[in-house]
Amino acid sequence: MGAETRRNMIQVAVLGYGTVGSGVVEVLERNRAPITQKAGEGLNVKYILDLRDFPGDPYEDKVVHDVDVILEDDEVSVVCETMGGIGAAYQFTRRALERGKSVCTSNKELVAAHGPELIAIARQHQCNYMFEASVAGGIPIIRAINNAMTGEVIEQIDGILNGTTNYILTKMDKEGADFDTVLRKAQEKGYAERNPQADIEGHDARRKVAILASLMMGKTVDADGVYTEGITKITQADIQYAKSAGKTIKLLGSSKREGDCVLAMVAPFLVGKDDPLCMIDGVFNAVCVRSNMLGDSMYYGRGAGKLPTASAVVADVVDCVRHQGRIIPCFWEKEKAPLANLGEIEHRFFLRVKSGAKEAVEAIFPGGRSVCLEGRTEDVGYFTASLKEKDFAERCEILGDTVLSKIRVEE
Ligand code: HSE
């Protein structure tokens, strides 16, 4: 391609040449023709920002180490932020938006922490801050909420929002392995990070819930306020009891309108076989949206991975190209959405207690159902009747260390 031709194209910069960043370059290259057609203009990757050099890489000549090269180049109109984190990524994003360059990101941590502020800066400078890839990877859930569902009042969003934990729970269910063994195998296969804490402790899903809940409310749902439990305490025994009741265990991210407040949480749930989320296996994600006119709708696909996530970033880039100089509406204001009191929410709960505590648990939680598994003498399962979270917690105190597991039951 000649220099003259490149000058007439939309110039794009990619910040961070890791998994997603290199995926963005690959998607733009491999789907060049349809992307050009849909954008109405050709797209050229002019710069790639990274601390490293990439000798031998076909794009090595695009690599720069100084962000100012990109920010001071007026030809660059769209920046893809695929660095992650909330330090340099935040500063670079702000500065790009202040110069009128649209930013498209996969960085859920940054979106959850500074989304409305960055959207407002973009608005002031007639450009856009886009974050489709920050939730559920390649699944176009942000676009569904912001565009397709503009005629709706969204009441509830539940989903499997983390591929790593869903892979682990699926393997535990299907292969009978314990948590540590499956995690180790997932790390060997590259499905889990070497430091998997953000995934297995639920923090990755918590940020995604905060983003979805904020879009549902049009106000900011504070990610730090989202009640979060991970999957590290789930045992093979819990899975066996769940199975005996026709259920499996899934890490769910939930947000629900409660009047002017929002209930937002991430926790493992026992999910029945008739629930569509029960069928979501392995690294796949799914999001169920309940809205007042459409009713229930569900979105399913690859929630992580190089090309699915990069594809979502590129879709945002194309949207920015189609809307140059215009603001793509996104209703997410800085004002905080108050969080509902989790203690008042009712569920059924599953308890696994030491077998000697069977009578005690039946007396403390009347109206429930005990489950004994053949060959297990050390513990007993119990499904409570529906009760408030705060009452459940209080009564569990009485049972003390006879309680081995407590997991909510999805209705
Ligand atoms: N670690 C995340 C997951 C990547 O497993 O879903 C995508 O956010």
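Just so it is clear, the structure is predicted and the values come from calculations on it, not from any experiment.

(A) Region of the structure containing the domain arrangement of the chain. Structurally, the chain comprises domain 1 (3–137 + 307–322), domain 2 (143–302) and domain 3 (343–409). Look at where the C-alpha atoms of domain 1 and domain 3 centre, and you get two points 50 Å apart.

(B) Structural context of the packing of helix 6 (residues 108–124) against helix 11 (residues 203–217). For the pair helix 6 and helix 11, the least separation of the axes is 9 Å and the interaxial angle reads 45°. Looking at the two axes, helix 6 sits oblique to helix 11. Remark: the crossing between helix 6 and helix 11 carries left-handed chirality. Contacts from Lys108, Glu109, Val111 and Ala112 of helix 6 reach helix 11 at Asp204, Arg207, Lys208 and Ile211. Partitioned by chemical class, the residues of the contact of helix 6 with helix 11 number 3 nonpolar, no polar and 5 charged.

(C) Quick look at the site of the ligand. Around the ligand sit Lys108, Asn162, Gly163, Thr164, Asp199, Asp204, Lys208, Gly303 and Ala304, and those are all the residues in its vicinity. Between an oxygen atom of the ligand and a side-chain N or O atom of Asn162, the distance comes to 3.5 Å. In this structure, Thr164 approaches the ligand through a side-chain N or O atom, which is 2.6 Å from an oxygen atom. Out of a free accessible area of 250 Å², the ligand has 82% covered by protein chains. For the shell around the ligand, the elements supplying multiple residues, two or more each, are helix 8 (163–175) and helix 11.

(D) The nonpolar core, seen in detail. Counting 83 residues, the largest nonpolar core has Ile70, Tyr129, Phe131, Ile141, Ile168, Ile211 and Leu212 as its most contacted members. Counting residues per element, this core draws most heavily on helix 11, which supplies 9 residues. Counting 31 residues, the second-largest nonpolar core is a separate cluster that includes Tyr17, Met130, Val314 and Val321.

(E) Region of the structure containing the sheet that holds strand 1 (residues 10–15). The 6 strands are arranged 3-2-1-4-5-6 in an open sheet whose pairing can be described as parallel. Either end of the sheet is taken by a strand with one partner, and the two such strands are strand 3 (63–64) and strand 6 (129–130). As paired elements, strand 4 (residues 76–81) and strand 5 (residues 102–105) share 4 bridges and run parallel to each other. Looking at strand 5, one finds that Val79 is bridged to Val103. Strands in contact with helix 2 (residues 19–30) are strand 1, strand 2 (43–49) and strand 4; relative to strand 2, the strand with the most contacts, it is inclined by about 160°.

Parameters at a glance
- Residues numbered from 1 in each chain as written.
- Predicted model: local features only at pLDDT ≥ 70, side-chain atom pairs only at ≥ 80, totals over all residues.
- Heavy atoms only, no water.
- Domains from an automatic or database assignment.
- Axes fitted to C-alpha atoms, helices over the stretch in contact; angles between N-to-C directions.
- Helix = DSSP H or I, 4+ residues; strand = E, 2+ residues; numbered from the N terminus.
- Parallel < 35°, antiparallel > 145°, perpendicular 65-115°, else oblique.
- Left-handed = near helix turned anticlockwise from the far one by under 90°.
- Contact = heavy atoms within 4.5 Å.
- Nonpolar A, V, L, I, M, F, W, Y, C, P; charged D, E, K, R; others polar.
- Near = heavy atom within 4 Å.
- Polar contact = N/O pair within 3.5 Å; in protein donor to acceptor, adjacent residues only side chain to side chain.
- Areas by Shrake-Rupley, 256 points an atom, 1.4 Å probe, with all protein chains shown as cover.
- Core = buried A, V, L, I, M, F, W, Y, C linked by side-chain atoms within 4.5 Å.
- Buried < 20%, exposed > 50% of the residue type's maximum accessible area, 1.4 Å probe, protein only.
- Pairing = 2+ DSSP bridges.

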